[in-house]
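Examination of the molecular architecture
So you can see what is in the structure, the chains are spelled out below.
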Amino acid sequence: MISMLGNEHGEAPGGFLLLDEKFDVAGTWEASHEGMNFNYDFWYKPRHNVMVSSEWAAPNTVRPGFKLEDVKAGKYGHHLHIWDWKERRISKSIDLGDKGMIPLEVRGVHDPASTHGFVAAALSSVLWHWFKDGKEWKAEKVVEVEAQKVKGWDFPVPGLITDLVLSLDDRWLYFSDWLHGDIRQYDVSDPSKPRLAGQLWLGGVLGKSPDVRGKKLDGGPQMLQLSLDGRRLYVTNSLYSSWDNQFYPQIAEKGSYLMVADCDTAQGGFEVERGTSTLTSARSRTARPRP
């Protein structure tokens, strides 16, 4: 099952594509597009007959780069959709409002019996906790990254939370602030009250990042992946080529990085790995979203 941003014309809302065991297209998953505005990520919990999906925007909106006017025109999402897994239809849509603009990564707690999960609203820089309260699915704001004034910018710069990962033991949550330049580690043993346990600066526009192995880091931390034992966090800095070129043109000139951070899975905290392969680079290529 693959989440799709749009159709062959680059128009929303997209949907969910099914592949069979031979990886041939078997059709679409959803029974209806009713209630869908846009589409992006999803997480399903069959034991609770639910799937949760988020919204970005149509490919035609994101391809040219980010425009604040598009946000004002309603071309970006701010809903969290609760699907009936068996019926394959939206049973409830939660409007996250101004604090939930561009909800991207959806991460459910790995325990299949749990009804908890998280979604990060990129533009609003807010981490939301979704959960089932009795028979109702709800969402609550649990972390907010405040926008910062930066010289040369016409508006306060948001953190722009672009990726989110949860450790397999469901204790540690990490997210990346692509524009501010930091990665945060939270103890989410209590998902309603995340506790900040670590923070690592790797580039960004705030100028707080130290050099790594004698190199200035271009761009900001973006894509994250955590090793299965939770001890190594892998980080890259490229988001999407047109957005890279807009906010971090240095990436196209100097290439992107892949870094590794060592994570303390007992007390919390993490730091850039001191080994011999902590920083690598590769030329960025123009990426185009597939319909």
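The structure presented is a predicted model; accordingly, all values stated were derived computationally and were not measured.

Let's talk about the overall build of the chain
Each helix and strand counted, the chain has four helices and 20 strands in total. Relative to the 2.2 N^0.38 estimate, which gives 19 Å for 291 residues, the radius of gyration of the chain is 19 Å and therefore close to what a compact globule would have. Projected onto the principal axes, the alpha-carbon positions of the chain cover approximately 55 × 45 × 45 Å. For the chain, the proportion of its 291 residues judged to be buried stands at 51%. Residue pairs at least 24 apart in sequence account for 52% of intrachain contacts in the chain once pairs closer than 6 positions are excluded.

What to know about the pairing of strand 18 (residues 256-263)
Burial analysis of strand 18 places six of its eight residues in the buried class, which makes it a mostly covered element. In this sheet, strand 19 (residues 270-272) lies alongside strand 18 in antiparallel orientation, the contact comprising three bridges. Considered in strand 19, the bridge of alanine 261 is made with valine 272. Counting the residues in the hairpin turn of strand 18 and strand 19 gives six residues, including glycine 268, whose phi is positive at 100 degrees.

Some words on the confidence of the model for the chain
In the predicted model, the chain carries a mean pLDDT of 92, and the fraction of residues at 70 or more is 93%. Counted against residues more than four places away or in other chains, residues 275-291, with its pLDDT under 50, gives 42 contacts.

A word on the side chain of aspartate 177
Mapped onto the elements of the fold, aspartate 177 is located in strand 13 (residues 172-177). Not counting residues within four places of it along the chain, the set of residues in contact with aspartate 177 comprises Val145, Gly159, Leu160, Ile161, Asp182, Arg184 and Pro221.

Let's talk about the pattern of salt bridges
Under the criterion given, the structure shown has 15 salt bridges. Glutamate 136 serves as the salt-bridge partner of lysine 92, at 2.9 Å between the closest nitrogen and oxygen. Note that lysine 92 is positioned in strand 7 (residues 89-95) and glutamate 136 in strand 11 (residues 136-144), a separation of 44 residues in sequence. We note a salt bridge from aspartate 229 to arginine 232, for which the minimum N-O separation is 3.5 Å. Each of the salt bridges in this network shares a partner with another, and the network as a whole consists of Asp41, Glu105, Arg107 and Asp163.

Rules and cut-offs
Residues numbered from 1 in each chain as written. Predicted model: local features only at pLDDT ≥ 70, side-chain atom pairs only at ≥ 80, totals over all residues. Heavy atoms only, no water. Helix = DSSP H or I, 4+ residues; strand = E, 2+ residues; numbered from the N terminus. Rg over C-alpha atoms; globule rule 2.2 N^0.38 Å. Buried < 20%, exposed > 50% of the residue type's maximum accessible area, 1.4 Å probe, protein only. Contact = heavy atoms within 4.5 Å. Pairing = 2+ DSSP bridges. pLDDT = per-residue confidence, 0-100. Salt bridge = Lys/Arg side-chain N within 4 Å of Asp/Glu carboxyl O.

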